[in-house]
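Understanding the architecture of this molecule
Next come the chains, spelled out residue by residue.
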Amino acid sequence: MLIGAHVDQTDPIAEAAARKAPLVQFFLGDPQGYKGPEFAYAGGAEALKADAEAAGIALYVHAPYIVNVATTNNRIRIPSRKLLQQHVDAAASIGAKGLIVHGGHVNKSDDPEKGFDNWRKAIEATDLKLPLLIENTAGGDNAMTRYLDRIGRVWDAIASCEQADMVGFCLDTCHAHAGGNALETVVDDVRAITGRIDLVHCNDSRDEFDSGADRHANFGAGRIDPDLLAGVVRAADAPVVCETPGGAAEHQADFAWLRERL
Ligand SMILES: [Zn+2]
């Protein structure tokens, strides 16, 4: 079982080493900005790719939070698509295994059908040079990937795309719990829709089931039953990224907690 963490982007190789982790996830640039990806690593993209390969570390890139390719708002959707392509290109240039992006949402009064169709258009408009992993989200009005039926509609919409096989799924345990999806069955439920789970974001949740709140907690410090959390990881049988609070020490404690229960 490959277990790693979300880390600072300046030196992901050192962050992986500090955690004895075989994989790390990080942002490329500002997670809240439209400026486009940047490489903070000394030596840039080429050096990061080479050093990760030499160290045997798998890299995952998380797209900025503001990317929302589903929205009907042109002033957000169009820059989001551009940002998505830029991040695909940047993540591919460092040999990343996948680019993780949130499912996004439409406005409260919008017909969700428009959002599903905007996902189809985004996939058709993007040159997917590496797997794009769509992540479930915890809350938001009219979200595309909070509840299973909506995830199903997104998948229906993109099924006809030529690059459909380049679209995968990232299951976040905090988001699933806070979003109101039973962790007892969520792995099977998602797989029945997507056919795959490519990555698990393993996080405990500071908030209650179906609260809609996206606040991650260290394992055992939140509201998710420990056995359920481990059960999701076991059933998903995919690489794990812990997006839990703290640095190397806290992450290593989380890894140990999880391994003990697997
Ligand atoms: Zn996540």
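First things first, this report covers the structure right here in the doc. (Residues numbered from 1 in each chain as written. Predicted model: local features only at pLDDT ≥ 70, side-chain atom pairs only at ≥ 80, totals over all residues. Heavy atoms only, no water.)

**Brief notes about the coordination of the zinc ion**
The test is simple: Coordinating donors are taken to be N, O and S atoms lying within 2.8 Å of the metal, or within 3.2 Å when the metal is Na, K or Ca; because water is excluded from the atom set, some sites may appear incomplete. Key to geometry: four donors with every angle between 85 and 135 degrees are tetrahedral; four donors are square planar and six octahedral where opposite donors lie over 155 degrees apart and all remaining angles lie between 65 and 115; all other sites are irregular. Note on conventions: DSSP H or I runs of at least 4 residues are helices, E runs of at least 2 residues are strands, and numbering of each starts at the N terminus. Relative accessibility under 20% of the residue-type maximum defines a buried residue, over 50% an exposed one, and the middle range a partly exposed one, all with a 1.4 Å probe and only protein chains included.
Protein-derived coordination of the zinc ion comes from Glu 135 (OE), Asp 172 (OD), His 201 (ND1) and Glu 243 (OE), at a distance range of 2.1 to 2.2 Å. Here the zinc ion is ringed by 4 donor atoms whose angles at the metal span 86 to 172 degrees, and the overall shape comes out irregular. Taken in sequence order, the residues that donate to the zinc ion follow the motif E-x36-D-x28-H-x41-E. Here His 201 lies in strand β7 (residues 199–202) and Asp 172 lies in strand β6 (residues 167–172), a separation of 29 residues in the sequence. The residues Asp 172 and His 201 share a single accessibility class, namely buried.

**Considering the packing of helix α5 (residues 148–158) against helix α7 (residues 186–194)**
Using the following cut-off: Axis lines are fitted to C-alpha atoms, over the contacting stretch for helices. Their N-to-C directions set the angle, which ranges from 0 to 180 degrees. Working rule for angles: under 35 degrees goes down as roughly parallel, over 145 as roughly antiparallel, 65 to 115 as roughly perpendicular, anything else as oblique. By convention the crossing between two helices is left-handed if the near helix lies anticlockwise of the far one by an angle smaller than a right angle, and right-handed if it lies clockwise. Only heavy atoms matter for contacts: two residues are in contact if any of them lie within 4.5 Å across the pair. Each residue gets one label: Ala, Val, Leu, Ile, Met, Phe, Trp, Tyr, Cys and Pro are nonpolar, Asp, Glu, Lys and Arg are charged, and the others, such as Gly, are polar.
Their axes nearest at 9 Å, the elements α5 and α7 cross at an angle of 20 degrees. Taken as axis vectors, α5 and α7 run roughly parallel relative to one another. Handedness of the crossing formed by α5 with α7: right-handed. Here Leu 148, Ile 151, Gly 152 and Trp 155 of α5 lie close against α7, whose contacting residues are Asp 189, Val 190, Ile 193 and Thr 194. Tallied by class, residues from the contact of α5 with α7 come to 5 nonpolar, 2 polar and 1 charged.

**As for the nonpolar core**
Note the cut-off: Buried residues of nine kinds, namely Ala, Val, Leu, Ile, Met, Phe, Trp, Tyr and Cys, make up a nonpolar core once their side-chain atoms join them within 4.5 Å.
Formed by 70 residues in total, the largest nonpolar core has its most connected members in Phe 26, Leu 59, Trp 119, Leu 171 and Leu 258. Ranked by size, the runner-up nonpolar core spans 8 residues in total, among them Leu 23, Tyr 60, Ile 100 and Cys 170.

**Quick word on the pairing of strand β1 (residues 3–6)**
Rules: Note on pairing: DSSP must find at least two bridges between two strands before they are called paired.
Note that β1 and strand β10 (residues 240–242) share 3 bridges and pair parallel. For Ile 3, the partnering residue across the bridge sits in β10 and is Val 240. Sheet topology places β1 next to strand β2 (residues 23–26); 2 bridges connect them, and they run parallel. Across the sheet, the residue bridging to Ala 5 is Val 24, located in β2.

**Quick look at the side chain of Arg 19**
The line we're drawing: Whenever a nitrogen or oxygen atom comes within 3.5 Å of another N or O atom, the pair is scored as a polar contact, on the condition that within protein one atom can donate a hydrogen and the other can accept it, and that pairs from neighbouring residues in sequence are kept only if both atoms are in side chains.
In this structure, Arg 19 sits in helix α1 (residues 12–19). In terms of polar contacts, Arg 19 uses its side chain to reach the side chain of Glu 15, at 2.8 Å. Ignoring sequence-local partners within four residues, the contact set of Arg 19 consists of Ala 5, Val 7, Gly 247, Ala 248, His 251, Gln 252 and Phe 255.

**So, the packing of aromatic side chains**
As a reminder, the rule being used: Two aromatic rings from Phe, Tyr or Trp, using only the six-membered ring of Trp, form a pair when their centres are within 6.5 Å; if the ring planes differ by under 30 degrees the pair is stacked, by over 60 it is edge-to-face, and anything between is tilted. Geometrically, a lysine NZ or arginine CZ counts as sitting over a ring once it is within 6 Å of the ring centre and also within 35 degrees of the ring normal.
Under the counting rule described, the total for this entry stands at 3 aromatic pairs. Considering the side-chain rings of Phe 219 and Trp 257, the 5.3 Å spacing of their centres and the 45 degrees angle between planes classify their relative orientation as tilted. Of this pair, Phe 219 sits in the loop between β9 (216–217) and α8 (226–236) while Trp 257 is found in helix α9 (residues 248–261), placing the two residues 38 residues apart along the sequence. Phe 219 gets classed as buried once you look at its relative accessible area, which sits at 7%. Trp 257 sits in the buried class, given a relative accessible area of 14%. If you follow Arg 261 out to its NZ or CZ, it ends over the ring of Trp 257, 4.0 Å from the centre.

**Considering the environment of Arg 259**
Of note, Arg 259 is situated in helix α9. Residue classification places Arg 259 among the partly exposed residues on the basis of a relative accessible area of 45%. For the pair formed by Arg 259 and Arg 81, sequence separation is 178 residues and the distance between their alpha carbons is 38 Å. Apart from residues no more than four positions distant in its own chain, Arg 259 is found in contact with Met 1 and Ile 3.

**What to know about the pattern of salt bridges**
Under the convention used in this document: Each reported salt bridge corresponds to a side-chain nitrogen of Lys or Arg within 4 Å of a carboxyl oxygen of Asp or Glu.
Evaluated as defined, the whole model comprises 12 salt bridges. Two residues, Asp 117 and Lys 121, come together in a salt bridge whose shortest N-O distance is 3.8 Å. Residue Asp 117 and its partner Lys 121 are both found in helix α4 (residues 112–125); the two are separated by 4 residues, about one turn of the helix. Members of the salt-bridge network, linked through shared partners, are Asp 117, Arg 120, Lys 121 and Glu 124.

**Quick word on the state of the cysteines**
Just so we agree on the cut-off: The criterion for a disulfide is a pair of cysteine sulfur atoms lying within 2.5 Å.
This model, assessed by the stated rule, comprises 0 disulfides. Cysteine Cys 174 remains unbridged, with the sulfur of Cys 202 as its closest cysteine sulfur at 10 Å. On the basis of relative accessible area, Cys 174 is assigned to the buried category, the value being 0%. Cys 202 provides the cysteine sulfur closest to Cys 242, a residue in no disulfide bond, and the two sulfurs are 5.5 Å apart.

The quantities given are spatial measurements derived from coordinates; they are silent on function.
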